[in-house]
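Close look at the chain arrangement
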Amino acid sequence: MAWFRKPKQKLQKGDRRELPSDVFEKCGECAEILYRERLAKNLYVCPSCGHHLRIGADAYVRILADEDSFQEMDVGLRSADPLGFVDLKPYVARLEAAEKKARHGDAVLTGTAALEGIPVVLAVMDFSFIGGSMGSVVGEKIARAARAALERRAPLIVVSASGGARMQEGILSLMQMAKTSAVLARLHEESIPYVSVLTDPTTGGVTASFAMLGDAILAEPGALIGFAGPRVIEQTIKQELPEGFQRSEFLLEHGMVDQIVDRRELRAEIGRLLRHMLGLPAGAIGAAVDAFPADVGALAGNGGPPARPSQAAKEAEGRTGVAPSRSGR
Ligand SMILES: [Zn+2]
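1. Considering the overall build of the protein chain
- The helix and strand inventory of the protein chain stands at 12 helices and 9 strands.
- In the protein chain, buried positions account for 39% of the 329 residues.
- A separation of at least 24 residues holds for 69% of the contacts in the protein chain among residues at least 6 apart in sequence.

2. Things to note about the pairing of strand β5 (residues 118-125)
- When you tally the buried positions in β5, you get 8 out of 8 residues, the bulk of the element.
- Where strand β4 (residues 108-115) meets β5, 8 bridges bridge the pair, whose relative direction is antiparallel. Pairing of A113 across the sheet is with V120, part of β5.
- Two successive antiparallel strands, β4 and β5, enclose a turn made up of 2 residues, where E116 displays a positive phi of approximately 50°.
- The handedness of the β5 to strand β6 (residues 156-162) crossover, carried by helix α4 (residues 136-152), is right-handed.

3. Structural notes on the sheet that holds strand β7 (residues 194-202)
- Strand order in the open sheet formed by 7 strands is β3-β4-β5-β6-β7-β8-β9, with mixed pairing between adjacent strands. Only two strands of the sheet have a single neighbouring strand rather than two, namely β3 (71-72) and β9 (259-260).
- Note: β3 against β4, 2 bridges, orientation antiparallel. Across the sheet, the residue bridging to Q71 is T112, located in β4.
- The sheet strands contacting helix α9 (residues 266-278) are β4, β5, β6, β7 and β8 (216-219), and the helix crosses β4 at an angle near 65°.

4. Re the environment of I192
- Of note, I192 is situated in the loop between α5 (171-189) and β7.
- The class of I192 is buried, set by 26 C-beta atoms lying within 10 Å.
- Along the backbone, I192 and L278 are 86 residues apart, and their C-alpha atoms lie at a distance of 8.6 Å.
- In this structure I192 touches A149, L150, R153, P155, L156 and L187, once residues within four positions along its chain are discounted.

5. Focus: helix α2 (residues 57-64)
- Where α2 is concerned, the buried positions are A57, Y60 and L64. All buried residues of α2 project into a common sector of 60° when viewed along the axis, lining one side.
- Where the residues of α2 are buried, they touch β4, β5, β6 and α9.

6. As for the nonpolar core
- Within the largest apolar cluster, 70 residues are counted, with the highest numbers of intra-cluster contacts made by L122, A146, A149, L156 and I157.
- When residues no more than four places from it in sequence are discounted, the contact partners of L156 are V121, A145, A146, A149, L187, I192 and Y194.

7. Some words on the confidence of the model for the protein chain
- Per-residue pLDDT for the protein chain averages 86, and the proportion of residues at 70 or more is 83%.
- Predicted confidence is poor over residues 287-329, with pLDDT under 50, and the contacts of this stretch with residues over four places away or in other chains come to 65 contacts.

8. Quick notes on unusual backbone geometry
- The amide bond that connects D200 to the next residue, P201, takes the cis arrangement and shows omega of -10°.
- Along the chain, P201 turns up in strand β7.
- The backbone phi angle of R103 is positive, close to 60°, even though this residue is not glycine.
- With respect to the helices and strands, R103 occurs in the loop between α3 (91-102) and β4.
- Overall, R103 belongs to the partly exposed group, with 13 C-beta atoms counted inside 10 Å.
- Positive phi, normally seen in glycine, also occurs at S191, with a value near 55°.
- As for its placement among the helices and strands, S191 is situated in the loop between α5 and β7.
- On the basis of neighbour count, S191 is assigned to the exposed category, with 11 C-beta atoms found within 10 Å.

9. Focus on α3
- Taking 1.5 Å per residue as the helical rise, α3 with its 12 residues ought to reach 16 Å, and the 16 Å between its terminal C-alpha atoms agrees with that figure.
- After α3 finishes, the residue R103 shows a positive phi value of roughly 60°.

10. Examining the environment of R272
- Looking at the secondary structure, you find R272 in helix α9.
- The class for R272 is partly exposed, based on 14 C-beta atoms found within 10 Å.
- Considered as a pair, R272 and E116 are 156 residues apart in the sequence and their alpha carbons are 9.2 Å apart.

Parameters and conventions
- Residues numbered from 1 in each chain as written.
- Predicted model: local features only at pLDDT ≥ 70, side-chain atom pairs only at ≥ 80, totals over all residues.
- Helix = DSSP H or I, 4+ residues; strand = E, 2+ residues; numbered from the N terminus.
- Buried ≥ 20, exposed ≤ 12 C-beta atoms within 10 Å, placed from the backbone.
- Contact = placed C-beta atoms within 7 Å.
- Pairing = 2+ DSSP bridges.
- Right-handed = clockwise from strand over helix to strand, strands pointing away.
- Axes fitted to C-alpha atoms, helices over the stretch in contact; angles between N-to-C directions.
- Arc of directions from axis to C-beta.
- Core = buried A, V, L, I, M, F, W, Y, C linked by C-beta atoms within 7 Å.
- pLDDT = per-residue confidence, 0-100.
- Expected span 1.5 Å × (residues − 1).

Next up, the structure:
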């Protein structure tokens, strides 16, 4: 017997192992292939180059709010399509598709929360919903969040991400600029802190209204921030724009932004700013709110009625519908 004759073995057809498509993500800046789980732990900041990848509103809520403290407001507000607008497809169909994708009713999420133990009102925009565009619902929700901040005498934090006004709502979306700015002016009169956080991108009507009205304006590194895009500006002024134009770093250098904050430091930095603005001791987290019985104690809901029930807050209670809401489809 030929001892060297090897039995022929055919290759077995096994199940091909497939990796789910979302295991890896490519960094848009350095093109490094990144393991998504590791990236998520790093709050979607590229570990090799520090590029801040775009994230949704829910992710920002998780980053900023203390665990389980976020209570969403105005969940049911929907745009009414007042113009019956149709471009490539009807605006109503566009809204429905956007809601499915972003899993929110519109491009902003608002609610009450605690940040390092400090009661706040939080509004976070979502770029994945029709480019974070501002229509009547975004404007109304931001205005209502500001009014809630007035009533509670709690600081307001708005995280912006927007391509500008929502053209499908025409002039109504432009009116939101005036509406949000007016309520924010009242916060300013009442000395209630408003922190604006600009993420990539913050442009158009959002930049021209509430995003640039913060008592403190923070920006994530490398974010595009501006009103009109660079191409439009170049064509208008007929000049070449400088390197890094309309990026956070450029705006910081030119005094439009107060501070550039790494996403991983954002919560701690806002906490530090708020403690400073509210007159709380540095490093005090949570428990410190009890120690301050005046305004801040009232914020936490443990000091009875607010120590200084302001005229503006009283007025605000009686007129929650300053601007007609386009909600309720
Ligand atoms: Zn990178």
